[in-house]
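# Coordinates in review
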Amino acid sequence: MIIKKAIRGGIPVVFPNFGPWELGPQHGFARISRWTLTQAPTKDSQGDVTAVFTLEDSEETRKMWNHKFKITYTLVLRECEFEMNFSVANTGSDDFDFTCLLHTYIQVPDVTKTTVSGLKGLQYSDKLRDGNIFTEDRELVSLAENYDRMYIATPDEHIITGVAGGKSIILKKTNFPETVVWNPWEEKAKAMSDFGDEQYPNMLCVEAGYVAKRYALSPGGKFEARQTMVVSA
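In what follows, the accompanying structure is described. (Residues numbered from 1 in each chain as written. Predicted model: local features only at pLDDT ≥ 70, side-chain atom pairs only at ≥ 80, totals over all residues. Heavy atoms only, no water.)

### Brief notes about the nonpolar core
In terms of nonpolar packing, the biggest core is built from 54 residues, with Phe-15, Trp-65, Phe-86, Val-88, Phe-98 and Phe-223 touching the most fellow members. Val-14, Leu-101, Val-180 and Val-211 belong to the second-largest nonpolar core, a separate cluster that totals five residues. (Core = buried A, V, L, I, M, F, W, Y, C linked by side-chain atoms within 4.5 Å. Buried < 20%, exposed > 50% of the residue type's maximum accessible area, 1.4 Å probe, protein only.)

### Description of the environment of Met-84
Positionally, Met-84 belongs in strand 5 (residues 81–90). Accessibility expressed as a relative area gives 0% for Met-84, which makes it buried. Along the primary structure Met-84 and Tyr-105 are separated by 21 residues, whereas in three dimensions their C-alpha atoms are 14 Å apart. The residues touching Met-84, leaving out its near neighbours within four places in the chain, are Ile-11, Tyr-73, Thr-74, Leu-75, Leu-102, Ala-225, Arg-226, Gln-227 and Met-229. (Helix = DSSP H or I, 4+ residues; strand = E, 2+ residues; numbered from the N terminus. Contact = heavy atoms within 4.5 Å.)

### Brief notes about the side chain of Glu-207
Looking at the element boundaries, Glu-207 is found in strand 16 (residues 203–217). Here Glu-207 is in contact with Phe-18, Leu-101, Leu-102, His-103, Thr-104, Glu-178, Thr-179, Val-180 and Trp-182, once residues within four sequence places are set aside.

### Observations regarding unusual backbone geometry
Each neighbour pair has its own omega, and for Phe-15 with Pro-16 the value is 0 degrees, a cis peptide bond. Mapped onto the elements of the fold, Pro-16 is located in the loop between strand 1 (13–14) and strand 2 (36–43). Even without a glycine there, the phi angle at His-27 is positive, about 65 degrees. Topologically, His-27 is positioned in the loop between strand 1 and strand 2. Unusually for a residue other than glycine, Asn-175 sits at a positive phi of about 60 degrees. Position of Asn-175 among the secondary structure elements: in the loop between strand 14 (168–174) and strand 15 (178–183).

In C-alpha cells form, the structure reads like this:
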C-alpha cells in the first residue's frame, strides 16, 4: 500500500531514488509505502530492543519501477544509541540500480547554534546553486540560511552539537558515502504545506546516503549499509 504523503520528521527511508524522479514521487516510494513488521520489538538480556521491518516489490511499485527487491530494515535501540541496518536484495532476474538515503530529522533548540563536524576540505553539490560543486572550508559547519548541500566522500563519523537537551549526537555510518545537510529556512518553510512556518529554527537534517552515483545490483546481490546515532554529553 502506498500513501500520498511522507511523514515530515523521524527518519524517512529514501529508495530507489534520491531527489526528483521521472518514474514516480520525489525520493522514491519507500517512504510512502506500508512496510511489514517481520519481527516485533524484542528485548534481549542486555536490555537492547530490536525490531525488523521489510518492504518488497508489489504491483504498485512495479508500475513505477519494474524490478523485484526486498529491503530489510533492522533497528536496534540501546540505552544511548539507535542503530539502523539497511539492506537491499535483488530478488529478480534483471540488474537494477538505485540511490538510497536515511533522511534523518534532528530536533535542535536553535539551528544557528548547531554544528556538524567532519566536512572540512570535502566537495559538495549545492542544490541552491544549480548543483554546482564547491569545497567546504569550515572546520565546523553551521547554518544561517536556506541550506541544501550534498557532501561527497564523507568520513564514517560526524559530531552534531547543540541538539535537544544540550547534548551532541555522534552519527556513525557504514557504506553511506555521502552526507546531506538540509534546512529549508523561513521562506521555503512557509511555502511547504506540511511544514510549520516557525519550525525551521528547531530542526536540522543530517542524512547519510548512497546518492552521488547509483548503486548497481545484480540478481541475487545484496547492498548493506548502517547508520548509528549515539547520544553524547
